[in-house]
Amino acid sequence: MKKKERKILLIFIPILIVILLATMTVVKYLSIDRSGKLIMDGIIFKGEEYRKFDFAFTKEGKIIGEADSWDIKEIPEDKEHNFLAVRSFLDNFYVVKESYIIPEDGQITGVYISNQRYTDQELIWAVTCLLNEEITEKFYIKTDNIYHFAKMVYVSYEDCPVGTKYIGLVGKINGQVVYIEPTEQERQENGAPKEQIYCCYIVPNEYKEAFEIFPYYIEDTIEVINENGEAFAGDGTI
């Protein structure tokens, strides 16, 4: 190749790259459906009504639409777009298609902890047992930050692509793997979290190992109390 031809190529290749990138950007822009509308309790998107609904998932996907300048983003594990994320610069919420029937019982097929989806059968079996068994061994703690000690757990039923049911928290406190039933965080007048008493059910030995193999919580210690908030002597286990 002659020197002059090489110079021409060096000039035109960057121009072609810029044109290609610009074309891809335009195609991407035109492929986004901008006809969505915000409504009181959700959005209307592609002729379907979606209502606000909290669920667990791994991550938000690409932008597939807009609703009054809010980005509508897909949830990668949901190929049917029954569940969506709606996001502005400062806020966000999640929605489910009004016509979609959410499985609320049956076989657990996924467990969500700290934005991770687990389909490990041992863990699913352990969670199923946890929900169906009456656990008697327990102790109480008092804290204004239960999420430091335990992580929220959601489950999905019958191959639903996201975690739709919040079942409580699991953590490792004072050397014990514990389960805490779903609890609403109370707030002070200034918005700060209140101290609350939590009942920590000790996960039975036969399936606590399933929880221990997943690094989704930190191990910590805290003073044990009784259900009235009074300090205990010893480990406080009931």
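Look up a bit, the structure's there.
All values reported here derive from a predicted model rather than from experimental measurement.

1. What to know about the overall build of the protein chain
So, point 1. When helices and strands are tallied, the protein chain shows 4 helices and 16 strands.
So, point 2. Residues classed as buried in the protein chain amount to 40% of the 238 residues present.
So, point 3. Within the protein chain, residue pairs in contact and separated by at least 24 positions form 59% of the contacts whose partners lie at least 6 positions apart.
So, point 4. As displayed, the protein chain has an accessible area near 14400 Å², and 52% of this comes from carbon and sulfur atoms.

2. Digging into the side chain of Gln-185
So, point 1. Secondary-structure assignment places Gln-185 in the loop between strand S13 (176-180) and strand S14 (196-202).
So, point 2. At a separation of 3.3 Å, a polar atom in the side chain of Gln-185 contacts the main-chain carbonyl oxygen of Lys-194.
So, point 3. Side-chain polar atoms of Gln-185 contact the side chain of Gln-196, separated by 2.8 Å.
So, point 4. In contact with Gln-185, not counting residues within four places along its chain, are Asp-144, Tyr-147, Pro-193, Lys-194, Gln-196 and Tyr-198.

3. Structural notes on the pattern of salt bridges
A side chain with one charge may pair with a side chain of the opposite charge, provided their charged atoms come close.
So, point 1. Evaluated as defined, the whole model comprises 6 salt bridges.
So, point 2. The salt bridge involving Lys-73 is made with Glu-60; its shortest N-O contact spans 3.4 Å. Note that Lys-73 is positioned in strand S5 (residues 70-74) and Glu-60 in the loop between strand S3 (48-52) and strand S4 (63-67), a separation of 13 residues in sequence. The same class applies to Lys-73 and to Glu-60, which are both buried.
So, point 3. Residue Lys-142 is joined to Glu-195 by a salt bridge in which the shortest nitrogen-to-oxygen separation is 4.0 Å. Here Lys-142 is found in strand S10 (residues 138-143), whereas its partner Glu-195 is found in the loop between S13 and S14, with 53 residues between them in sequence.

4. Some thoughts on the layout of surface pockets
So, point 1. Taken as a whole, the largest pocket encloses approximately 220 Å³ of empty space.
So, point 2. Asp-54, Phe-55, Ala-56, Phe-57, Tyr-94, Tyr-112, Ile-113, Ser-114, Asn-115, Met-152 and Tyr-154 are the residues that line the largest pocket.
So, point 3. Of all the secondary structure elements, the ones that give two or more residues to the lining of the largest pocket are strand S8 (108-113) and strand S11 (150-157).
So, point 4. Counted by class, the lining of the largest pocket contains 8 nonpolar, 2 polar and 1 charged residues.

Definitions and cut-offs
- Residues numbered from 1 in each chain as written.
- Predicted model: local features only at pLDDT ≥ 70, side-chain atom pairs only at ≥ 80, totals over all residues.
- Heavy atoms only, no water.
- Helix = DSSP H or I, 4+ residues; strand = E, 2+ residues; numbered from the N terminus.
- Buried < 20%, exposed > 50% of the residue type's maximum accessible area, 1.4 Å probe, protein only.
- Contact = heavy atoms within 4.5 Å.
- Areas by Shrake-Rupley, 256 points an atom, 1.4 Å probe, with all protein chains shown as cover.
- Polar contact = N/O pair within 3.5 Å; in protein donor to acceptor, adjacent residues only side chain to side chain.
- Salt bridge = Lys/Arg side-chain N within 4 Å of Asp/Glu carboxyl O.
- 1 Å grid on protein atoms, 1.4 Å probe; cavity = no way out; pocket = protein on both sides within 12 Å on 5 of 7 lines; lining within 4 Å.
- Points joined across faces, edges and corners; volume = space filled by probe spheres on them.
- Nonpolar A, V, L, I, M, F, W, Y, C, P; charged D, E, K, R; others polar.

In short, the description is geometric, and any link to function would need to be established separately.
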